[in-house]
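# Fold and contact review
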Amino acid sequence: MVIHPHPSRGRIVRREGVPFRSNSKGVKLDPSALLEVTGGLDVGVLAALHDESILDAAQFDKATVIALAQAAALLETTDFSMRKPLDGKVVVTAFFEASTRTRLSFESAVLRLDGKVLSVPDGRVTGVQKGESIQDIGEMLNTYGDAVVMRHPETSALDEIRRNLTAPLINAGNGSGQHPTQALLDWYALLKWRPRLADPVCPPDQRVHLGIIGTPGSMRAVNSFVQLALLFEGAVDRMTIISEMADPLGATLTERTKDSKIPIDVTNDIQKVLTDLDVIYMNSIAFLGDDYKTLDSRYKVDANSTLKPGSVIMHPLARRDELDTSLDSTAHNLYFAQAAGAVFIRQAILIAILGRSGAIADALQR
Ligand code: CP
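Residues numbered from 1 in each chain as written. Predicted model: local features only at pLDDT ≥ 70, side-chain atom pairs only at ≥ 80, totals over all residues. Heavy atoms only, no water.

### Topic: the environment of K293
- Within the fold, K293 resides in strand β10 (residues 291–294).
- Remark: the alpha-carbon pair of K293 and M219, spanning 74 residues in sequence, is separated by 10.0 Å.
- If we ignore the near neighbours within four places in the chain, the residues touching K293 are E244, M245, S284, I285, A286 and L288. (Helix = DSSP H or I, 4+ residues; strand = E, 2+ residues; numbered from the N terminus. Contact = heavy atoms within 4.5 Å.)

Right under this line is the structure:
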């Protein structure tokens, strides 16, 4: 019988300053203030995620987004990971589509918490190459891992694997559908940048005008980001979608926005709104069935763009030429800080769904 060492006991210790290695350029975010908002972290909200799958940003309420962000802030600012909260757990990362950030940050998240990873970096190394179905792969993964993180170019692959998979599934991007953990890390960055956005009543001078450059209806990261933005009524003053497409939200998102109190405008004229935006969220590629479309050349931003002072630019990356590297060393660059926070938010998600939130409760009580 293998006996796992008990996680270390005693107080968790705060790290000084910006923890670990932070992003090399752009805004460097200190998570400390986020830990103080809304009366502090409610571990019960995390515990409710035990055994849940993470499939669609629409499944979250505001309290869950904030609790996950606060758990990530705890992980980022303390030595909590020394308690080995994922000891004995195996996470399968099954990527049937290319990824830099999502797969590697999930795997780093698991390994830094002393869990183990089974990695499929490319679907061609699986039986899919010989015609095996995703449904059958789901059956195998039930016993190989405790949770599955899957990316797939087909939107329908989530439903297919869930025909047999009973372990919690994390959607790491499904075609033009959703990328919910990307949205959680995006909001983790935004809440670190401006913690008062989490307040039940956000002070007027902290509220933001959010600009979305692209087509949320066919860009999965943007779609998920907008869905979480809808939870922050009163903090998001208004949203402006900047797109050359006639219906950038698409049918599903239009339906989900129709009851929101956040005013949403659509324009194809970036110059008309750029100087009024506090937060600009942009992405490169829109999925159009089997094809994809890059962002219209009108919507490029660089260090000479007329941006509002104090405004920040977000991008899930990878980028093409729509986001010029001349912005990297400016205070508008929040996109590197977004990527830097990915490990911590994914740690928080895994701790919650794998039923290890009690370790956080335990650490907070000492
Ligand atoms: N943001 C994101 O999903 O990046 P990857 O495609 O590199 O995983």
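### A look at the sheet that holds strand β8 (residues 279–282)
- Spatial ordering of the open sheet is given by β7-β6-β5-β8-β11, a layout of five strands whose pairing is parallel. Both edges of this open sheet fall to β7 (264–267) and β11 (312–314), since each of them pairs with a single strand only. Adjacent strand axes in the sheet meet at a mean angle of 20 degrees, parallel and antiparallel pairs treated alike.
- Sheet topology note: the strand β5 (residues 208–213)/strand β6 (residues 236–242) ladder contains six bridges and is parallel. Paired with I213 across the strands is I242, a residue of β6.
- Lying on the sheet, helix α8 (residues 220–229) is in contact with β5, β6, β8 and β11; it crosses β5 at an angle near 160 degrees. (Pairing = 2+ DSSP bridges. Axes fitted to C-alpha atoms, helices over the stretch in contact; angles between N-to-C directions.)

### Concerning the pattern of salt bridges
- Using the criterion set out here, one finds 15 salt bridges in the structure.
- Put simply, E233 and K261 hold a salt bridge, and the shortest N to O gap is 4.0 Å. Separated by 28 residues along the polypeptide, E233 in the loop between α8 and β6 and K261 in the loop between α9 (250–257) and β7 bring together distant segments of the chain.
- On the accessibility criterion, E233 (32% relative accessible area) is partly exposed.
- According to the relative accessible area criterion, K261 is exposed, its value standing at 71%. (Salt bridge = Lys/Arg side-chain N within 4 Å of Asp/Glu carboxyl O. Buried < 20%, exposed > 50% of the residue type's maximum accessible area, 1.4 Å probe, protein only.)

### A look at the pairing of β5
- Across the six residues that make up β5, a large majority, six, are buried.
- Burial along β5 is two-sided: the residues V208, L210 and I212 and H209, G211 and I213 are all buried.
- Following the chain from β5 across α8 to the adjacent parallel β6, one finds a crossover that is right-handed.
- As paired elements, β5 and β8 share four bridges and run parallel to each other. The residue of β8 that forms the bridge with I213 is M282. (Right-handed = clockwise from strand over helix to strand, strands pointing away.)

### Looking at the confidence of the model for the chain
- Considering every residue of the chain, the mean pLDDT works out to 93; 95% of them sit at 70 or more.
- Scored below 50 in pLDDT, residues 1–9 makes nine contacts in the model with residues more than four places away or belonging to other chains. (pLDDT = per-residue confidence, 0-100.)

### Re the sheet that holds strand β1 (residues 90–95)
- Taken in spatial order, the four strands of this open sheet run β2-β1-β3-β4, and their pairing is parallel. Two strands lie at the open edges of the sheet, namely β2 (116–120) and β4 (169–174), each paired on one side alone. Pairs of neighbouring strands in the sheet enclose a mean axial angle of 10 degrees, with direction left out of account.
- In this sheet, β2 lies alongside β1 in parallel orientation, the contact comprising five bridges. In the strand pairing of β2, V91 is matched with V117.

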